[in-house]
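Understanding the architecture of this molecule
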Amino acid sequence: MSFSGPVVALAGGVGGAKLAVGLAHALPEGALTVVVNTADDLVLHGLHISPDIDTVMYNLAGMSNPETGWGIDGDRTSALDLLGRYGGPTWFRLGDQDLATHIRRTQRLAEGARLTEVTRELAASLGIKANILPMTDSSIATRVKTPEGELEFQDYFVARGTRPSVCGVRFQGADEARATPEVIRAFDEASAIVFCPSNPIVSIGPILAVPDIHERLRSASAPRVGVSPIIGGAALRGPAAEMLKSLGHEVSALGVARILKDVLDGFVVDTEDEALVSSIKETGLRSIALPSIMSDLDSKKKLAQGVLAFASSVQKMT
Ligand code: GDP
Ligand code: CA
């Protein structure tokens, strides 16, 4: 085992959660902190929903729906169906059990608890040993510029099924947002920082848009390594490839490495993209190729172990 000390992983939802599960298994209990994107958060039915936190939480608790990667396995939507009959919005799919998470979160926030505290309580109740931290307690909202106008993130992502082309992205509230003491401490204590294979624009992008976090990541002494969400020029799911293209980036692991270069020491590409390793090295990063398709627990653990070993080699050589 290359790392036993604290490791911080940065994650969005489905792609990020998969590697987070691998890391949680590869590290000693409690050694993993996952800093999660909150710029996708929304209020619906009067409830505060944090989709990426919930995805990471349900995956780490072993209760996520294996087909979608989000939501709770076996959950039904009876409550949502009735909400629909009352005239409420049903485009954002919320399961019956899932609703309990949003109800509890909303109640605790209304009582004055911070999102960081509420997340800790929810995760602990689900028996999760890893530390899940919202990237900030401040409110940040991703806004997507499209030919149809500027859209709220979930309107673009879920309601319109990522169909509009993306001409720009901004993170409303990011300039004023502050990193929490918990996030700062996690970065200060980290012996390695791992960028999960999350969407670089709308999952990692908002985390980097928090000025204190960007600053800490840029100056971190711990090795910083990322895993490409783009394999063979395509995303495994979601709009990352289309977004990269329409925003003028190369749609490849190299394109992602270039975006994240200032906050990385090393970048892991899939074995299918081994040919890109040398061009990634030319950007000044270290790079290796590993099998990175995480289809089951074993592939998640193996990738996590490979990423941690890579991080430790980066550390030794700097
Ligand atoms: P979201 O917030 O639910 O959209 O999820 P993320 O931003 O965390 O992850 C989306 C990205 O994960 C997509 O670009 C996918 O290509 C990537 N992804 C999903 N599964 C895998 C996997 O098994 N391996 C790798 N390397 N990337 C993956
Ligand atoms: Ca997300």
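Residues numbered from 1 in each chain as written. Chains lettered and ligands numbered in written order. Predicted model: local features only at pLDDT ≥ 70, side-chain atom pairs only at ≥ 80, totals over all residues. Heavy atoms only, no water.

As for the coordination of the calcium ion (ligand 2)
- Coordination sphere of the calcium ion (ligand 2), protein contribution only: D40 (OD), D52 (OD) and D52 (OD), at 2.1 to 2.6 Å. Of this pair, D40 sits in the loop between β2 (32-36) and β3 (42-44) while D52 sits in helix α2 (residues 51-60); the two residues are twelve residues apart in sequence, bridging distant segments of the chain.
- Accessibility expressed as a relative area gives 7% for D52, which makes it buried. (Donors = N, O, S within 2.8 Å, 3.2 Å for Na, K, Ca; no water. Helix = DSSP H or I, 4+ residues; strand = E, 2+ residues; numbered from the N terminus. Buried < 20%, exposed > 50% of the residue type's maximum accessible area, 1.4 Å probe, protein only.)

Description of the environment of E250
- Residue position: E250 is located in the loop between α10 (240-246) and α11 (253-260).
- Ignoring any residue separated from it by four or fewer positions in sequence, one finds E250 in contact with L244, G255 and R258.
- Reaching out from E250, the side chain makes a polar contact with the side chain of S252 at a distance of 2.7 Å.
- In terms of polar contacts, E250 uses its side chain to reach the side chain of R258, at 3.4 Å. (Contact = heavy atoms within 4.5 Å. Polar contact = N/O pair within 3.5 Å; in protein donor to acceptor, adjacent residues only side chain to side chain.)

Considering the nonpolar core
- Counting 51 residues, the largest nonpolar core has L10, F195, I213, L217, F267 and I280 as the members making the most contacts within it.
- Looking at this core element by element, the count peaks at five residues for α11.
- Residues contacting I213, with those up to four places away along its chain left out, are M135, A179, V183, F187 and I207.
- By size, the runner-up hydrophobic cluster in this structure holds 44 residues, among which are A17, L19, I72 and I132. (Core = buried A, V, L, I, M, F, W, Y, C linked by side-chain atoms within 4.5 Å.)

Regarding the pattern of salt bridges
- What the rule picks out here adds up to 16 salt bridges.
- Among the salt bridges present, the one from R143 reaches E150, with a minimum N-O distance of 3.0 Å.
- Of the charged contacts, one joins D155 and R160 as a salt bridge, the two residues approaching to 3.1 Å between their closest N and O atoms.
- Judged by its relative accessible area of 23%, D155 is partly exposed. (Salt bridge = Lys/Arg side-chain N within 4 Å of Asp/Glu carboxyl O.)

Overview of the side chain of N37
- Topologically, N37 is positioned in the loop between β2 and β3.
- You can call N37 buried: its relative accessible area is 0%.
- Side-chain polar atoms of N37 contact the side chain of D40, separated by 3.0 Å.
- A polar side-chain atom of N37 sits 3.4 Å from the main-chain carbonyl oxygen of V202.
- When residues no more than four places from it in sequence are discounted, the contact partners of N37 are A11, G12, D52, M135, V202, S203, P206 and I207.

Quick notes on the layout of surface pockets
- Space inside the largest pocket adds up to approximately 890 Å³.
- Along the walls of the largest pocket sit 41 residues, with G13, V14, W70, F157 and R237 positioned nearest its centre.
- Going through the elements one at a time, α1 (14-26), α2, α4 (96-110) and α6 (153-159) are the ones with two or more residues in the lining of the largest pocket.
- With five residues, α2 is the largest single contributor of residues to the lining of the largest pocket.
- Space inside the second largest pocket adds up to approximately 280 Å³.
- In terms of residues, the lining of the second largest pocket owes the most to one element, α1, which gives three residues.
- Residue composition of the lining of the second largest pocket, grouped by class: four nonpolar, seven polar and five charged. (1 Å grid on protein atoms, 1.4 Å probe; cavity = no way out; pocket = protein on both sides within 12 Å on 5 of 7 lines; lining within 4 Å. Points joined across faces, edges and corners; volume = space filled by probe spheres on them. Nonpolar A, V, L, I, M, F, W, Y, C, P; charged D, E, K, R; others polar.)

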